[in-house]
Structure formats: C-alpha cells, structure tokens
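# Descriptive analysis of the structure
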Amino acid sequence: MRILVIEDELKAAEYLHQGLTESGYVVDCANNGADGLHLARQQAYDLVILDVNLPEVDGWFVLEHIRKSGNTLVMMLTARGRLADKVRGLDLGADDYLVKPFEFPELLARVRTLLRRSGQIPLPQVLKVADLELDQGRHRAFRGEQRIDLTTKEFALLHLLMRQSGEVLSRTQIISLVWDMNFDCDTNVVEVSIRRLRAKIDDPFDRKLIHTLRGVGYVLEARE
C-alpha cells in the first residue's frame, strides 16, 4: 500500500514516515501543497494524509484538485479542529478528518479502516507468536486458551512487538510508535509498560516471549 503524506512540519512528517513505514506501508512525503499535489497527480496512491495549513497552496486547494482528478482516499490531519473546518473538509470530499495532536495507534487504526472499507486490504488477521495470539479486529489477546485483558496502550504495545517479532525495538522507536510524537522520551513509561505487559503474558507461563537486550531495546520472539 502506497501513502502520500503532505505535511510541512518536519518533525511530524518524519514521525509519520517512520511509523507508517514500520507498519508496512510505502510512504512518500511532500512539505508543501504544490509538491504534494504534483506527486498526487504523478503517482497512484492508496491514501493521502493531508495537512491544511501548507505553504504555497493550502490543503483545501489540494483536496479539491485530488477529488476532481480521481477517487484517492484522503485523510485530513490538521490542528484545525473547529466544527466548521471539519464540515468543510468532509464536504470537499475528505474520507476522514483527524485533529492534532493525535496518537499514532489511532491514526494507524483509521488508515486500516479506510483501506479496508475501500476493499484494498483484507480483514485484519490474527497475529501469532508461539501460543500467543492477538486478534486485531476483535481487540483480543490469548495465551493458549487463556484470554488476556489489555488496556489500550498495552494492546498497542503488544501489537507493535508482535508485528515486529524477532526485531529489536529501541525505547525511542516504541515511544514514537505507541505514544504521542511529542511524548517525553526521558520518562520510564516504556519500562513500566513492558513490566505490566510481561505480568500478563509472560509471568503466568513457563515460556517467556518478551526479552530485554540491555542498552538496546526489547524483542518479542519464541526462543528455545
């Protein structure tokens, strides 16, 4: 799946590019409306994530011209959260409207929903590592026959670890993909969340799946 991000804030664009790429999408970025519209006309994208306040031409202009030329999915991602702005975006043809600041798991869920509704991706599959299962569609987790109740953040963290099973993820990567992009990286939220997740999916069982590589990060995998 190919996604175009049109965002002039460098930090936000890098955050979206990293998160979406690590989630399996091919991502192009443009930092102004003119370049974004040019890319949208030249390439076939499954989804455009579009800011409103852009240099050269604004997001409203870009949205109107994308709609005139085809049926590409468009998600507005903007700090303009007034009802009038939301109504304007949807009336101009946006398929979704998400207000900043946002959390990446919500954005990712909205992306999956848009693509699924358009028939471009199958229904979410169940992720499996050893006897651990994560049902993305039903938002449920199981270890063997035992159901595991997870908070929203725990589910997002486990989903990330299972999706990247076998790959070591650093604290910074985990924070950027599970928490808000402006989250304080100096906190111990990752360590606390990993500990709570282990208490639910590892501690009651003989076989441990979440492993720590000191000074590097965390990995979820089945080891002999």
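Residues numbered from 1 in each chain as written. Predicted model: local features only at pLDDT ≥ 70, side-chain atom pairs only at ≥ 80, totals over all residues. Heavy atoms only, no water.

The protein is annotated in an unreviewed UniProt entry as Heavy metal response regulator transcription factor of Pseudomonas kielensis.

## What to know about the sheet that holds strand E4 (residues 73–78)
Convention followed: One bridge is not enough; two strands pair if DSSP finds at least two bridges between them. Runs of H or I in DSSP of at least four residues are treated as helices and runs of E of at least two as strands, each being numbered from the N terminus. The convention used is that axes are lines fitted to C-alpha atoms, helices contributing only their stretch in contact, and that angles between N-to-C directions extend from 0 to 180 degrees. Contacts between residues were defined by any pair of non-hydrogen atoms, one from each residue, lying within 4.5 Å.
What the five strands build is an open sheet, ordered E2-E1-E3-E4-E5; its pairing is parallel. The outermost strands of the open sheet, each flanked by one partner alone, are strand E2 (26–30) and strand E5 (96–99). If you compare each strand with its neighbour and ignore which way they point, the axes differ by 20 degrees on average. Of the pairings in the sheet, the one linking strand E1 (residues 2–6) to E2 comprises five bridges and is parallel in character. Opposite Ile6, over in E2, you have Ala30 as the bridge partner. On top of the sheet, helix H3 (residues 59–69) reaches E1, strand E3 (47–50), E4 and E5; it is set at about 175 degrees to E4, its chief contact. Strands E1, E3, E4 and E5 of the sheet are contacted by helix H5 (residues 104–117), whose axis makes an angle of about 160 degrees with E4.

## Topic: the nonpolar core
In globular proteins that are soluble, nonpolar side chains generally tend to be buried together. Heads up, the rule is: To qualify as a nonpolar core, a set must consist of buried Ala, Val, Leu, Ile, Met, Phe, Trp, Tyr and Cys residues joined through side-chain atoms within 4.5 Å. Think of it in three bands: with a 1.4 Å probe and only protein chains considered, a residue is buried below 20% of the maximum accessible area for its type, exposed above 50%, and partly exposed in between. Domain limits in this description derive from either an automatic procedure or a database domain assignment.
Membership of the largest hydrophobic core comes to 48 residues, with the highest contact counts inside it found for Leu20, Leu47, Ile49, Leu107, Val111, Leu158 and Leu220. With seven residues, the top contributor of residues to this core is helix H6 (residues 152–163). Both domains that meet at this core, namely domain 1 (2–118) and domain 2 (126–220), each give it at least three residues. The contacts of Leu107, once residues within four sequence positions are left out, are Leu16, Leu20, Ile49, Met75, Leu77, Leu98 and Phe102.

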